[in-house]
Amino acid sequence: MRRRAALVVALITAMVGASAGAAGAAPRSSYAYLHPGGQPRLTEKVPVNVVFLGYEPDQVGAAYLSGLPKKYEPVVRYRLVYGQTEKLGITYTYDYKVSYGSPSYENKFFQQLGKLAKPAPLTEYQTAYNEQANNVKDITANHAIDAPSVEKWLAYNPPAGVDTRRNTVFFINWYGRSDFKFHVYTKTGEPDPDTGYDFGKERDSRKVIAWGGTTADDEETGLGSTRRVWFHDLSAGPESWTSNYDVDNPDLDGDGVVDYRMPPTWEYAAGGFRAPGALAGDLSLITRYVALNLLMTSSPLYPVELPTAEPPKSLNVDSNTYEGWPGVDASERYITPELLIDELAELRWRNRLDFDNQDLPYDAKAEECYLGVLTDTSCYPDSGYPAFANLYLYNWANLERTKDDAGRVDYEIPLFNYAVGEGVDVPALGFADDNYVDGTQTGVFSFISPEIVAAGYGLTTTQIHEVGHHVGMSHPHDGYDSETGVDYGPEGGFLFVNAGDESNSMMSYLDVNWDFSQFDRDNSDRFLTAAYHEAANRLAADVLAAPRAAKAKVQLRAADVLLGLSTKAFARHDYRAAYAFAEGAYNQVVAAAKRAGADPAGAAKALAAEADAARRTVEVHDPHEFIDTLAPDSPRSQP
């Protein structure tokens, strides 16, 4: 793709140059796709296949479609915390195609499920369901079904007319058939690379009811070619992850708000947890608030344009470890650099990535700031920042000692790892911090201790996850609904959205795989396409205002053509090509800036100056809502 894009750019530049007018003519002030100083204008009519297997039309009907959104405009979610709605310049509209499996197709599919089903003990959560006072029926036996095998079968054996290369949701209901077996889905064989702990094998909380998003080239369960499938089965379980095993307690956390969740299929009945007529609306909620908003067309957590003077081509994963665990070299034992780079490179495939680590002294000040986070004590009391910002403030005050690749790479992603001894608490498993002013990403923090290792985690997977946040990726269990303007997470009326974690995404809390999903890749490429469109537009405004603007017309026209190709590729769902063309367009505007006498980094410097001024004049906040915790009540802490 890189070579092809480069050849296209060169050809376009040559053609534009050959057709250019007089050398002294001023460049045009308007273009078809380049909008100097303006926002991107990217649109996509997103195909969404919804296939019901084991459900009848009279169970679903018009109520299902009435709850689905018509369009979606992604925003930078962390900016919302600061009262800013920053749109990316992308507008999705949805093209829904709803179908029902024919009797012959359903027979074939459920026979396949039966073949894949292996007898297994009841999970802790099926047993807990049986102990509920209000459960409709008891689970009498259980079977484990390999989730990736089901995804692959559906991907390559869809009903006629369903193209699984496009976003496809399969809603499955096996219950009610004579061949039904109580079952759960499993994903095993991908243990933590640093500890060897296989969450999918060892924990009942990782026995699930949904799965999908696997890429073509996933090292363990790759589909072979690109497919975009997610299936959801309410006749599986009940399970831990969405808490649908509990049909007695409306308010699970005691906060006075009903925790909305979708029970097993058989609970949609008179006297059950949910009325039969609620089924269509619940499946619509899952489609909207999980499949669309969190998986298939999501919003970034942080800006995807990293805080650099220009969009970076080379990225250094700059790991720095405070070795405070006596007798243990945590960076040596609990970081697997090859996996870290390989997984990140699959997401940021147009960047050159490398890794280095240095150990830092866990001295008195470092320890004071660390412990202060735990005790809510600021180690910079005159700063006005909250105690949670201790690690950010301390490491930014000492940032120069970590910047060991200046001039060699365009951007160093700052990772700080804290290794502490037995009995010393950790504030989280990890978090990707911001600047406490406007929601711009800063450092990535990861934590390890004997207790963390005993729970199954090293540092590598936390680092991949947190760097994923740093470059913009959200969790698949929290997100933004564009039409209502609501940012939500898995609690209260949205508890059911934990189902989004049941996907092959590094950004999940399920901890059964360490890859970015196909949905993650698609969204990242879309976000970066928009970022390059915006960077090209911003810089083009400076070019047109420069003293030698007339000398830049060939490059600006070439950029306009490339942005057109990018826009059209985006509209036809070719996100990789859209990204590559957008980057090529930006490079043409950089060349135009040099010819016109404008500073290629001028627009970025102006934004940085505005941010610096804001840090001095804007009230400091403490919004941190996306901390990756191992709290006892967290789903990922369950047995």
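In what follows, the structure referred to is the one given above.
Residues numbered from 1 in each chain as written. Predicted model: local features only at pLDDT ≥ 70, side-chain atom pairs only at ≥ 80, totals over all residues. Heavy atoms only, no water.

(A) Representation of the packing of aromatic side chains within the structure. What the rule picks out here adds up to 50 aromatic pairs. Looking at Arg526, its charged tip hangs above the ring of Tyr575, at a distance of 4.3 Å from the centre. If you follow Arg576 out to its NZ or CZ, it ends over the ring of Trp349, 4.1 Å from the centre. (Phe/Tyr/Trp six-rings, centres within 6.5 Å; stacked < 30°, edge-to-face > 60°. Lys NZ or Arg CZ within 6 Å of the ring centre and 35° of its normal.)

(B) Looking closely at unusual backbone geometry. Omega for the peptide link from Gly237 to Pro238 comes to 0 degrees, which places this bond in the cis form. Inspection of the secondary structure assignment puts Pro238 in the loop between β9 (229-233) and α8 (279-296). The phi dihedral of Ser243 is positive, around 60 degrees, even though this residue is not glycine. By secondary structure assignment, the location of Ser243 is in the loop between β9 and α8. On the basis of relative accessibility, which here comes to 16%, the residue Ser243 falls in the buried class. Of note in the backbone geometry, His573 takes a positive phi value of approximately 75 degrees without being a glycine. (Helix = DSSP H or I, 4+ residues; strand = E, 2+ residues; numbered from the N terminus. Buried < 20%, exposed > 50% of the residue type's maximum accessible area, 1.4 Å probe, protein only.)

(C) The arrangement of the packing of helix α10 (residues 337-347) against helix α14 (residues 460-470) in detail. Interhelical geometry of α10 versus α14 gives an angle of 25 degrees and a closest axis separation of 9 Å. Put simply, α10 runs roughly parallel to α14. Classified by chirality, the crossing of α14 by α10 is right-handed. Contacts between α10 and α14 pair Leu339, Leu340, Glu343 and Leu344 from the former with Thr460, Gln463, Ile464 and Val467 from the latter. Looking at the contact of α10 with α14, its residues break down into five nonpolar, two polar and one charged. (Axes fitted to C-alpha atoms, helices over the stretch in contact; angles between N-to-C directions. Parallel < 35°, antiparallel > 145°, perpendicular 65-115°, else oblique. Left-handed = near helix turned anticlockwise from the far one by under 90°. Contact = heavy atoms within 4.5 Å. Nonpolar A, V, L, I, M, F, W, Y, C, P; charged D, E, K, R; others polar.)

(D) Just a negative patch on the surface, in detail. Together, Glu219, Glu220, Glu338 and Asp342 make up a region of like negative charge exposed at the surface. Locating Asp342 in the fold gives a position in helix α10. Accessibility expressed as a relative area gives 46% for Asp342, which makes it partly exposed. (Patch = residues over 30% accessible without salt bridge, like charges linked within 9 Å, V, L, I, M, F, W, Y side chains within 5 Å. Areas by Shrake-Rupley, 256 points an atom, 1.4 Å probe, with all protein chains shown as cover. Salt bridge = Lys/Arg side-chain N within 4 Å of Asp/Glu carboxyl O. Lys, Arg positive; Asp, Glu negative; His and termini not counted. Charge placed at Lys NZ, Arg CZ, Asp CG, Glu CD.)

(E) Structural detail: the sheet that holds strand β2 (residues 71-72). Spatial ordering of the open sheet is given by β2-β3-β1-β6-β9-β8, a layout of six strands whose pairing is mixed. In this open sheet, the two edge strands, each paired with only one partner strand, are β2 and β8 (210-212). Sheet topology places strand β1 (residues 42-53) next to strand β6 (residues 167-172); six bridges connect them, and they run parallel. Paired with Leu53 across the strands is Ile172, a residue of β6. The strands touched by helix α4 (residues 103-116) are β1 and β6; relative to β1, the strand with the most contacts, the crossing angle is about 80 degrees. On the sheet, α8 packs against β1, β2, β3 (90-100), β6 and β9 and is oriented at approximately 145 degrees with respect to β6. (Pairing = 2+ DSSP bridges.)

(F) Geometry of the sheet that holds strand β14 (residues 441-448). If you walk across this open sheet you meet the five strands as β11-β10-β12-β14-β13, and the pairing is mixed. This sheet does not close on itself; its edge strands, each paired only once, are β11 (352-360) and β13 (430-434). Geometrically, the sheet is characterised by an average inter-axis angle of 20 degrees between neighbouring strands, direction not taken into account. Pairing analysis gives 10 bridges linking strand β10 (residues 314-324) to strand β12 (residues 411-420), with the strands arranged parallel. Counted as the bridge partner of Asn316 is Glu412 from β12.

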